[in-house]
Amino acid sequence: MKYLRLIPVLLLGVVLTACDTTKKLYEAQQYDQVIQRVAPEVCKGKMNDKDINYVAASYHKANQADHERIQALKATGQPDVWPEIYQRYCSMKGRNDALKCFPTKVKKGMNYVKLDLDEDMTIARNKAEAYLVAKANQLLNTGTKADAEMAGKYIEQLKNTNQENSQLLNLQLKQALYLVDKVEFGVASDYDLPNGFVETLFDFSVDELPSGITQIYVSRNPSFACVVVDKLSVSPVRLDEVTFKESNGGKNVEVTDHTQNKIATISGTIEYFPTRAYRYYSVPFEVKSTFKNDYTTIKGDREACSAETLKRQNTKPVPVPTDESMLIDAARKLNDLIAAELKK
């Protein structure tokens, strides 16, 4: 019986402690923490008049403070205020959403009104993203590591504002490139790549690389990115022919225009790894090496040929490049594509 009598006392102690904690948070002006602490309990039907009063007061005071701050920021007319404006709109919406499950009677008693902030939030978010992208690019374009590190602050803000921003991954990659001296790539393919292919693929001159990068090298376990060759093909040699006749002064000639064709194609993805601040993503590519040679032959009297045919007759068939040489040429084109990708 002694222990049974203690139970109500212990429960009362828990309630008093909870109320005391809520009161302390409120007095410390930690209004969002008050809402986070009490709102879920009220939504479960656990009513405590004092706690509800603290939530009501916290809700209105926090929203009023955010509203006043938003108006003050807008009044400056400066573009750098929009990230904070958007975050404050998010806070207001978060509080509003946290209380929407309260019983109707409770909401009415605390003067709760559903806030329609969608349009304001969209405008603020768009302006915040535009500013953060511009600021990050401005810092990254200086080419210094110090500014690249500073750009990280704005990139992180952009990530918190909208993880799906179309520029986010490029900015994260660009920052990562400025923060290293050497870039480690890998190559993966189920195809047998010809000798010299990989060496050609990563044969960069210094002026092709982003500022600060001194070397791109190949590793079996690359930390930065991997070129994945999904398709590698070389077409058979194709010879197209068109034959026609020409006449001049009763003289005739049969003219045949020939075209030699051969195409090598490489396609796949450049896959960037989740190092530093950026998450995994890939960029598709397709490059082609094209061989084409036109030449003309005649049968008959040369004097019957037109001036244009005589000019073309000076062309000759040439040896068709080997499959390996065309794939190496395609690797050079992929090299240019990678350099352009890294310099975006």
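Parameters at a glance
Residues numbered from 1 in each chain as written. Predicted model: local features only at pLDDT ≥ 70, side-chain atom pairs only at ≥ 80, totals over all residues. Heavy atoms only, no water. Core = buried A, V, L, I, M, F, W, Y, C linked by side-chain atoms within 4.5 Å. Buried < 20%, exposed > 50% of the residue type's maximum accessible area, 1.4 Å probe, protein only. Helix = DSSP H or I, 4+ residues; strand = E, 2+ residues; numbered from the N terminus. Disulfide = S-S within 2.5 Å. Polar contact = N/O pair within 3.5 Å; in protein donor to acceptor, adjacent residues only side chain to side chain. Contact = heavy atoms within 4.5 Å. Axes fitted to C-alpha atoms, helices over the stretch in contact; angles between N-to-C directions. Parallel < 35°, antiparallel > 145°, perpendicular 65-115°, else oblique. Left-handed = near helix turned anticlockwise from the far one by under 90°. Nonpolar A, V, L, I, M, F, W, Y, C, P; charged D, E, K, R; others polar. Phe/Tyr/Trp six-rings, centres within 6.5 Å; stacked < 30°, edge-to-face > 60°. Expected span 1.5 Å × (residues − 1). Patch = residues over 30% accessible without salt bridge, like charges linked within 9 Å, V, L, I, M, F, W, Y side chains within 5 Å. Areas by Shrake-Rupley, 256 points an atom, 1.4 Å probe, with all protein chains shown as cover. Salt bridge = Lys/Arg side-chain N within 4 Å of Asp/Glu carboxyl O. Lys, Arg positive; Asp, Glu negative; His and termini not counted. Charge placed at Lys NZ, Arg CZ, Asp CG, Glu CD.

Asker: I'd like a description of the nonpolar core, backed by residues and values.
Answerer: Counting 36 residues, the largest nonpolar core has Phe185, Ile216, Phe224, Val227, Tyr272 and Ile338 as the members making the most contacts within it. Taken together, the elements giving at least two residues each to this core come down to α8 (168-178), β1 (182-189), α9 (197-201), β3 (225-234), β5 (251-272), β6 (281-300) and α11 (323-342). Ranked by the residues each element gives to this core, the list is headed by α11, at nine residues. Formed by 19 residues, the second largest nonpolar core is a distinct cluster that contains Leu25, Ile35, Leu99 and Tyr112.

Asker: Can you lay out the state of the cysteines for me, pointing to particular residues and giving the numbers?
Answerer: Per the counting criterion, the structure on display carries one disulfide. Note that Cys43 is cross-linked by a disulfide to Cys101, the S-S spacing being 1.7 Å. Disulfide Cys43 to Cys101: torsion about the S-S bond roughly 50°, handedness right-handed. Here Cys43 is found in helix α2 (residues 31-43), whereas its partner Cys101 is found in the loop between α4 (82-99) and α5 (104-109), with 58 residues between them in sequence. The partly exposed category is assigned to Cys101, whose relative accessible area is 39%.

Asker: I'd like to hear about the side chain of Thr265, residue by residue, with values.
Answerer: Structurally, the position occupied by Thr265 is in strand β5. A distance of 3.2 Å separates the side chain of Thr265 from the side chain of Lys288, its partner in a polar contact. If we skip the residues at most four places from it in the chain, Thr265 touches Lys231, Leu232, Ser233, Glu286, Val287 and Lys288.

Asker: Give me the lowdown on the packing of helix α7 (residues 145-161) against α8, citing residues and values where you can.
Answerer: Contact geometry for α7 and α8: axes closest at 9 Å, N-to-C directions at 155°. On the basis of their axis angle, the class for α7 and α8 is roughly antiparallel. Crossing geometry of α7 relative to α8 is assigned as left-handed. Contact residues: α7 offers Lys145, Ala148, Glu149, Ala151, Gly152, Ile155, Leu158 and Lys159, while α8 offers Leu168, Leu171, Gln172, Gln175 and Tyr178. For the contact of α7 with α8, the per-class residue count stands at seven nonpolar, three polar and three charged.

Asker: Let's hear about the packing of aromatic side chains: which residues, and what values?
Answerer: Think of a pair of aromatic rings as described by two things: how far the centres are apart, and how the planes are tilted against each other in angle. Enumeration according to the criterion identifies eight aromatic pairs in this entry. Centre to centre, the rings of Tyr26 and Tyr31 are 5.6 Å apart; their planes meet at 55°, and the pair counts as tilted. In this pair, the class of Tyr26 matches that of Tyr31, namely buried. A ring pair is formed by Phe224 and Tyr272, whose centres lie 5.7 Å apart and whose planes are at 80°; its orientation type is edge-to-face.

Asker: Please provide a residue-by-residue account of the environment of Tyr31, values included.
Answerer: Relative to the helices and strands, Tyr31 is located in helix α2. When the C-alpha atoms of Tyr31 and Lys61 are compared, they prove to be 7.7 Å apart, with 30 residues separating the residues in sequence.

Asker: Which residues make up the packing of helix α3 (residues 49-76) against α4, and what are the values?
Answerer: Two numbers describe how α3 lies on α4: the axes approach to 10 Å, and their chain directions differ by 160°. As judged from the angle between their axes, α3 and α4 are roughly antiparallel. As for how α3 packs across α4, the hand of that crossing is left-handed. Packed against α3, whose contacting residues are Val55, Tyr59, Ala62, Asn63, Ala65, Asp66, His67, Arg69, Ile70, Leu73 and Lys74, the element α4 presents Trp82, Glu84, Ile85, Arg88, Tyr89, Ser91, Met92, Arg95, Asn96 and Leu99 at the interface. Among the residues making up the contact of α3 with α4, the classes are represented as eleven nonpolar, four polar and six charged.

Asker: Let's hear about the environment of Thr290: which residues, and what values?
Answerer: Along the chain, Thr290 turns up in strand β6. In sequence terms Thr290 and Gly196 are 94 residues apart; their C-alpha atoms lie 19 Å from each other. In this structure Thr290 touches Lys262, Ile263 and Met326, once residues within four positions along its chain are discounted.

Asker: Go over α3, please, and point to the residues and values.
Answerer: Here α3 contains 28 residues, and its C-alpha end-to-end distance of 41 Å stays within 8% of the 40 Å for a straight helix at 1.5 Å per residue. Within α3, burial applies to Asp51, Ile52, Tyr54, Val55, Ala56, Ser58, Tyr59, Ala62, Asn63, Asp66, Ile70 and Leu73. Put simply, Asn48 is the residue that caps the front of α3, since its side-chain oxygen is 3.1 Å from the backbone nitrogen of Lys50. The positive-phi residue at the C-terminal boundary of α3 is Gly77, with phi of around 70°.

Asker: I'd like to hear about a negative patch on the surface, residue by residue, with values.
Answerer: A cluster of acidic residues, Asp116, Asp118, Glu119 and Asp120, forms a negative patch at the surface. Take Asp116: it is sitting in the loop between α5 and α6 (118-140).

Asker: I'd like a description of the environment of Asn63, backed by residues and values.
Answerer: Structurally, the position occupied by Asn63 is in helix α3. Exposure remark for Asn63: the relative accessible area of 9% places this residue in the buried category. Through-space distance from the C-alpha of Asn63 to that of Asn96 is 9.2 Å; in sequence the pair is 33 residues apart. The contact partners of Asn63, leaving out residues within four places of it in the chain, are Met92, Arg95 and Leu115. Only 2.7 Å separates the side chain of Asn63 from the side chain of Arg95, close enough to count as a polar contact.

By themselves these figures say nothing about function.
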